[in-house]
Amino acid sequence: MDHTEFKQYLLCLEGLSPAQKRKLSDALRVKDEGETVAEALEKRISVGGHCPHCDHDQLQRWGTAHGMQRHRCKSCLKTFNAVTGTPLARLRKKEKWLEYSKAMIDGLSIRKAARKCGIDTTTSFRWRHRFLHGLRDKKDRSLKGIVEADETFFLESFKGSRNLGRTARKRGGKAAKRGLSAEQVPVLIARDRHGEMTDEVLKDLSEASITKVLKPVVAQDAILCTDGNKSYRAFANAENVTHVRLIASKKSRVIDKVCHIQNVNAYDSRLKGWMHRFNGVATKYLPNYLGWRRCLEKQGSSIVPTRYLSYALE
Ligand SMILES: [Zn+2]
């Protein structure tokens, strides 16, 4: 369809009823799922692609290999394909990648994703962490306005490790002691009211640890809302950021209609509820899972496999 025709086509969309819009959206999604992996990957090069070796944009087609188009950079003369230099480079069975992306959107466990895609569990494990590699550090860089920050805890887990140093817990399990102990790994979550967010696995809840996460992202004129943890106050004082502490004690509970931490707490419960299915995740992989949830949270249920795949490749 040429450009003028397409513009007219877009104008027609204004007259659609809500039900028709839903049908159109479903139809587009089906089309997306019908797209082959090769087409989805090739788009990365055909739409403003750059050489992964030298970033030059003058490219030429250079035959095919392993079922994929190869390209050659006119500047450095090196050849590459659409996944060279990405976390998915050199993985096999590309034809299953969109199906695997769908399994990631659905939040399937390694075993379930393996069954769904007809691959073995070892492959599914390798793919899981390669598919999450790109999401792990994809965080928002600037939190503005009212910024809610709170800490949450995950049970330390050496799942999958050979030398445990203690008896194994069964399927996720429970901490031996209640509350914060050496078995609990703290995670700091911060988000603003526009849905921009960041999180980080911390070694402790000291002022230094909290400052390291919040300082680069919290805008100078933001209003930081937190619980009573004194480390937040120390950070806010040192950085001259307006700070509202919400102290909940038995007798007094400060409730403010504007300054609260209900959004970050609600996110925490969604995160925990979603993580439950994995029966505890190895602490070393926790940042991957946090990135996975952040992606699903930001993209919403409308994310299609090709979009997820391109996310994983960035
Ligand atoms: Zn190049």
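For the structure, see preceding data.
Scope of this entry: the structure provided in the associated data block. (Residues numbered from 1 in each chain as written. Predicted model: local features only at pLDDT ≥ 70, side-chain atom pairs only at ≥ 80, totals over all residues.)

**Thoughts on the overall build of the protein**
In terms of regular secondary structure, the protein is built from 11 helices and eight strands. In the protein, which comprises 314 residues, the share counted as buried stands at 24%. By sequence separation, contacts in the protein at least 24 residues apart represent 62% of the contacts at least 6 residues apart. (Helix = DSSP H or I, 4+ residues; strand = E, 2+ residues; numbered from the N terminus. Buried ≥ 20, exposed ≤ 12 C-beta atoms within 10 Å, placed from the backbone. Contact = placed C-beta atoms within 7 Å.)

**Remarks on the sheet that holds strand β8 (residues 242–245)**
With mixed pairing, the five strands of this open sheet are ordered in space as β6-β5-β4-β7-β8. The strands lining the two open edges of the sheet, one partner per strand, are β6 (197–201) and β8. Adjacent strand axes in the sheet meet at a mean angle of 20° when their direction is disregarded. (Pairing = 2+ DSSP bridges. Axes fitted to C-alpha atoms, helices over the stretch in contact; angles between N-to-C directions.)

**Quick look at the nonpolar core**
Counting 26 residues, the largest nonpolar core has Tyr100, Ala103, Ala113, Phe131, Trp292, Leu309 and Ala312 as its most contacted members. Listing elements by their share of this core, those giving two or more residues are α3 (37–46), α4 (97–105), α5 (110–117), α6 (121–136), α10 (286–299) and α11 (305–313). Every residue in contact with Leu309, bar those within four places of it in the chain, is listed here: Ala40, Trp97, Leu98 and Ser101. Counting 23 residues, the second largest nonpolar core, distinct from the first, contains Leu188, Ala190, Cys225 and Phe235. (Core = buried A, V, L, I, M, F, W, Y, C linked by C-beta atoms within 7 Å.)

**What to know about the environment of Leu88**
As for its placement among the helices and strands, Leu88 is situated in the loop between β3 (79–80) and α4. The sequence separation of Leu88 and His133 amounts to 45 residues, and the corresponding C-alpha distance is 9.0 Å. If sequence neighbours within four positions are ignored, Leu88 has contacts with Val83, Arg130, Ala312 and Leu313.

**A word on the packing of α5 against α6**
In contact at an axis separation of 8 Å, α5 and α6 are set at 115° when each is read in the N-to-C sense. Our classification of the angle between α5 and α6 gives roughly perpendicular. Note that α5 runs across α6; the crossing there is right-handed. Side by side, α5 and α6 meet where Ile110, Arg111, Ala113 and Ala114 of the first sit next to Thr121, Ser124, Phe125 and Arg128 of the second. (Parallel < 35°, antiparallel > 145°, perpendicular 65-115°, else oblique. Left-handed = near helix turned anticlockwise from the far one by under 90°.)

**Re the pairing of strand β1 (residues 59–65)**
The buried fraction of β1 amounts to zero of the seven residues, a small share that puts the element mostly on the outside. Turn length for the β1-strand β2 (residues 68–73) hairpin, with the two strands adjacent in sequence and antiparallel, is two residues, and the turn residue His66 shows positive phi of about 50°.

**Observations regarding unusual backbone geometry**
In the Ramachandran plot, Asn240 falls in the positive-phi region, its phi being about 60° despite a non-glycine side chain. Residue Asn240 is classed as exposed on the basis of its 9 C-beta neighbours within 10 Å. Residues other than glycine seldom take positive phi values, yet Asn279 does so here, at roughly 50°. With respect to the helices and strands, the residue Asn279 is situated in the loop between α9 (262–275) and α10. Since 14 C-beta atoms lie within 10 Å of it, Asn279 is described here as partly exposed.

**Considering the pairing of strand β5 (residues 184–192)**
Residues in a regular strand project their side chains so that they alternate between the two faces of the sheet. One ladder, built from nine bridges, connects strand β4 (residues 146–155) with β5; its direction is antiparallel. Counterpart to Asp150 in the pairing with β5 is Ile189. Here β5 folds back onto β6 in antiparallel fashion, the turn holding four residues, of which Gly195 has a positive phi close to 90°.

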